[in-house]
Amino acid sequence: MDPVVIPILVAAIVVVFLVAATVRIVPQARRYNIERFGRYRRTLQPGLNFVLPVADRVNTKLDVREQVYSSDPKPVITEDNLVVNIDTVLYYQITDPRAAAYEVADYLQAIDQLTVTTLRNVIGSMDLEGTLTSREEINARLRAVLDEATGKWGIRVNRVEIKAIDPPNTIKEAMEKQMRAERDKRAAILHAEGERQAKILTAEGTKQKDILEAQGTQQAMILRADGESKAVELVFQAVHRNNADAKVLAYKYLETLPHLAQSDNNTFWVIPGELTEAIRTVTSAFGDQASGTGPPPGAQREDATEADASDKDYVGAPEVEANSTLALDAVAAADEAAKQAAVAVSDAKAEAEAAGETRLPGRGSASDG
């Protein structure tokens, strides 16, 4: 080998080494701390950087992006002397690489221990129920303490969250029983409220039903009474327009009597006071038609007068006109009317039989004479 080539090769190797030791390429979101002869010199930014070979060296490489640190569960005692295990999640970011490398030996361990001590101070002033329901307050107090303490370390704490709070098993069972009792209580209250609403609605519906039925019955009775009134008025007008005599009216009386006793609900029924006169008129009319001849008008008037006198003696009361009001009790009036009707019917039958015997020959003294 040529003696000149060897020095050239050595020089080339030295140059390549020097260039490699001089050039430093820093990736994005990274920071390199440079020391010169063991003393902090500067922090390299992302991109191409040049340093002195042999004199400068890279001490620490730091990531300045926001990072997440999850701590292990730590036992914490509450104000009511209950031990709960709490684990936290920490979101932090390096803002000063020099301080993060030279102000604290291990910033993650320092943050973890500071979080535990602060958490114990905060939880120690709360009971278990306050701990479980005041997570936002705990997070805010933790973040304030950590942000103040880690500022000189070149670290900014963006957020602190409590990931889980685990009370003892006995407390969990008691809490489950309490929650179950609360749910049963709410269910009973809701059930009672539903029954109450149902009863109220049922009562309102029954009330509306009774009101509507009463209104319907009222309207029906009004319409029925109106119809009966019009019917009576038409009958009254027809009777007066056709000038019906006493015989027709008496026959209508007799025709209406069977209908009065057809209903099973009727305990008593009232017979008009002038029924006796009507029956007597019918009897005399039918007796005249059966015999073919009747007594003279004077005799009829005398018979009617005597019959009226006998009726008055039997009843023991003064004559009652058609438009007068009975002063007797309803039941007594009904009994008296029934007695008068029975007497009138028996008299009519007797007169009819007597008239028939006068017509048939060979059956009485009248025929023999």
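Residues numbered from 1 in each chain as written. Predicted model: local features only at pLDDT ≥ 70, side-chain atom pairs only at ≥ 80, totals over all residues. Heavy atoms only, no water.

*Asks:* Let's hear about the sheet that holds strand β5 (residues 56-63): which residues, and what values?
*Replies:* The three strands are arranged β3-β2-β5 in an open sheet whose pairing can be described as antiparallel. Edge positions in the sheet fall to β3 (39-44) and β5, since each has one partner strand and no second. Direction aside, neighbouring strands of the sheet carry axes that sit 25° apart on average. Here strand β2 (residues 30-36) runs beside β3; their pairing, made up of five bridges, is antiparallel. Bridged to Arg 36 within β3 is Arg 39. (Pairing = 2+ DSSP bridges. Helix = DSSP H or I, 4+ residues; strand = E, 2+ residues; numbered from the N terminus. Axes fitted to C-alpha atoms, helices over the stretch in contact; angles between N-to-C directions.)

*Asks:* Hey, could you go over empty space enclosed by the protein for me, with residue numbers and the actual values?
*Replies:* Taken as a whole and assessed by the stated rule, the structure comprises two cavities of 30 Å³ or more. In this model, the second largest cavity occupies a volume close to 40 Å³. If you go around the second largest cavity, the residues you meet are Ser 71, Asp 72, Lys 74, Val 76, Ile 86, Thr 88, Thr 115, Val 116 and Leu 119. Counting only elements with at least two residues in the lining of the second largest cavity, the list comes to β7 (74-77), β8 (83-94) and α3 (107-123). Broken down by element, the residue count for the lining of the second largest cavity peaks at three residues, all from α3. Looking at side-chain class alone, the lining of the second largest cavity contains four nonpolar, three polar and two charged residues. (1 Å grid on protein atoms, 1.4 Å probe; cavity = no way out; pocket = protein on both sides within 12 Å on 5 of 7 lines; lining within 4 Å. Points joined across faces, edges and corners; volume = space filled by probe spheres on them. Nonpolar A, V, L, I, M, F, W, Y, C, P; charged D, E, K, R; others polar.)

*Asks:* Give me the nonpolar core: which residues, what numbers.
*Replies:* Of all hydrophobic cores here, the largest spans 29 residues; its most connected members are Ile 86, Leu 90, Leu 119, Ile 138 and Ile 155. Where this core is concerned, the elements lending two or more residues are β8, α3, α5 (135-150) and β9 (155-166). Per-element accounting of this core gives the leading share, seven residues, to α3. Once you skip the residues sitting within four places of it in the chain, Leu 119 turns out to touch Val 76, Ile 86, Thr 88, Ile 138, Leu 142 and Ile 162. (Core = buried A, V, L, I, M, F, W, Y, C linked by side-chain atoms within 4.5 Å. Buried < 20%, exposed > 50% of the residue type's maximum accessible area, 1.4 Å probe, protein only. Contact = heavy atoms within 4.5 Å.)

*Asks:* If you had to explain the side chain of Asp 112 to someone new, which residues and values would you point to?
*Replies:* Mapping Asp 112 onto the fold places it in helix α3. Of the residues examined, Asp 112 reaches a relative accessible area of 11% and is grouped as buried. In this view, Asp 112 contacts Tyr 69, Ser 71 and Lys 74; residues no more than four positions away in its chain are not counted.

*Asks:* Quick one: what's the story with the pattern of salt bridges, residue by residue and with numbers?
*Replies:* Summed over the entire model, instances satisfying the criterion amount to eight salt bridges. With a closest N to O distance of 3.2 Å, Glu 193 and Arg 196 form a salt bridge. In this pair, Glu 193 and Arg 196 are both assigned in helix α6 (residues 169-242), three residues apart and thus about one turn of the helix distant. For Glu 193, a relative accessible area of 37% translates into the label partly exposed. Taking the relative accessible area as the measure of exposure, Arg 196 reaches 45% and is therefore partly exposed. (Salt bridge = Lys/Arg side-chain N within 4 Å of Asp/Glu carboxyl O.)

*Asks:* Can you break down a negative patch on the surface residue by residue, with the values?
*Replies:* A cluster of acidic residues, Glu 79, Asp 80, Asp 127 and Glu 129, forms a negative patch on the protein surface. A relative accessible area of 61% means that Glu 129 is categorised as exposed. (Patch = residues over 30% accessible without salt bridge, like charges linked within 9 Å, V, L, I, M, F, W, Y side chains within 5 Å. Areas by Shrake-Rupley, 256 points an atom, 1.4 Å probe, with all protein chains shown as cover. Lys, Arg positive; Asp, Glu negative; His and termini not counted. Charge placed at Lys NZ, Arg CZ, Asp CG, Glu CD.)

*Asks:* Could you give an account of the confidence of the model for the protein chain, with specific residues and numbers?
*Replies:* Taken over all residues, the pLDDT of the protein chain has a mean of 75, while the share at 70 or more is 66%. Across residues 289-331, confidence stays below pLDDT 50; counting only partners more than four residues off in sequence or on other chains, it has 27 contacts. Confidence over residues 359-369 falls short of pLDDT 50; this stretch has five contacts with residues more than four positions distant or in other chains. (pLDDT = per-residue confidence, 0-100.)

*Asks:* Account for a positive patch on the surface, with residues named and values stated.
*Replies:* Taken together, the side chains of Lys 177, Arg 180, Arg 183 and Arg 186 present a region of like positive charge at the surface. Within the secondary structure, Arg 180 sits in helix α6.

*Asks:* Explain the packing of aromatic side chains to me, and be specific about the residues and the numbers.
*Replies:* A full pass over the atoms with the stated rule returns two aromatic pairs. Seen in terms of ring centroids, Tyr 40 and Tyr 102 are 5.5 Å apart; in terms of plane orientation they differ by 70°. Their pairing is edge-to-face. Here Tyr 40 is found in strand β3, whereas its partner Tyr 102 is found in helix α2 (residues 97-102), with 62 residues between them in sequence. Measuring from centroid to centroid gives 6.1 Å for Tyr 92 and Tyr 107, while their planes differ by 65°, and the two rings are edge-to-face. Residue Tyr 92 is located in strand β8, and its partner Tyr 107 is located in helix α3; the two are separated by 15 residues in the primary sequence. Tyr 107 matches Tyr 92 in its accessibility class, with the two residues each being buried. (Phe/Tyr/Trp six-rings, centres within 6.5 Å; stacked < 30°, edge-to-face > 60°.)

*Asks:* For the side chain of Thr 118, give the residues involved together with the corresponding values.
*Replies:* With respect to the helices and strands, Thr 118 occurs in helix α3. Assessed through its relative accessible area of 6%, Thr 118 is described here as buried. For Thr 118, the residues in contact, after removing those within four places along its chain, are Leu 142 and Val 145.

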